[in-house]
Amino acid sequence: TYGTPESIRNYSQEEAEERFVELAVSRIKRGPVFVKAHRGTIQRALHLLSSETSAPMICSPRLCREIAVYQEFGTPIGVVVPSGTSDATAMMASAPYFRFYSKGDRFPIDPPPTVSSITLSAFMASRDDPVMTYSDAAYRVALSNHADFKGTLDYVKATGATHVIADNTRGKGIDLANEVTRQLGIAARPSANYHTHAWGDG
């Protein structure tokens, strides 16, 4: 995903997490906060906020079912309330709340003016600051489950691999393969991405 030398983050994911929590906790004091992220990252955000705020956390019924699986297998996530229920409606009417959106959830095109929105993604994030400010109510935080370029090279080196095939699905495989060979001295090539109906080919 971040397979080029340009894809280097000059901050750790721990720093990104801290900045996200600081931002979310500061914005919830002013009104509702909508948080949008992909599966996995959204559960990570819920885990981070569960111990930092008592504000209600509202999710779609589908997302609540996913979260229940994470909770069952040990991820410490606080109570989440399904949207559309009387409990959620009452909470939304009485105090600021977090509303989480993930894969399959429809994010509002025009949120109310009192809402702050935080998108969690390293895509288009700054190399030097995990938080991008779009306006006084819209932010992006580079919370990512993917290693950056340096982290990917560290991983390849740690595996002890003698040959690497770099996934070229997103067009980064050529650069990554070249750098694996140049920097690590390991034989590498990009994957050949062609469509086939034969199992195991491609």
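Reading guide: rules and limits
Residues numbered from 1 in each chain as written. Predicted model: local features only at pLDDT ≥ 70, side-chain atom pairs only at ≥ 80, totals over all residues. Heavy atoms only, no water. 1 Å grid on protein atoms, 1.4 Å probe; cavity = no way out; pocket = protein on both sides within 12 Å on 5 of 7 lines; lining within 4 Å. Points joined across faces, edges and corners; volume = space filled by probe spheres on them. Nonpolar A, V, L, I, M, F, W, Y, C, P; charged D, E, K, R; others polar. Buried < 20%, exposed > 50% of the residue type's maximum accessible area, 1.4 Å probe, protein only. Helix = DSSP H or I, 4+ residues; strand = E, 2+ residues; numbered from the N terminus. Pairing = 2+ DSSP bridges. Contact = heavy atoms within 4.5 Å.

1. Focus: the layout of surface pockets
- Considered as a void within the structure, the largest pocket measures approximately 490 Å³ in volume.
- Its residues placed into classes, the lining of the largest pocket shows 8 nonpolar, 10 polar and 6 charged.

2. Topic: the pairing of strand β5 (residues 116-120)
- Of all 5 residues making up β5, 4 are buried, and the element is well covered by its neighbours.
- Here strand β1 (residues 33-36) runs beside β5; their pairing, made up of 4 bridges, is parallel. Bridge pairing in β5 places V35 opposite I118.
- Where β5 lies against strand β7 (residues 138-141), 4 bridges are found, and the strand directions are parallel. Bridged to S117 within β7 is A138.

3. Let's talk about the environment of V156
- Within the secondary structure, V156 sits in helix α5 (residues 149-159).
- Under the relative-accessibility criterion, V156 is labelled buried at 9%.
- Separated by 28 residues in the primary sequence, V156 and L184 place their C-alpha atoms 8.7 Å from one another.
- Look past the residues within four positions of V156 in its chain and what remains in contact with it is A161, V164, V180, L184 and I186.

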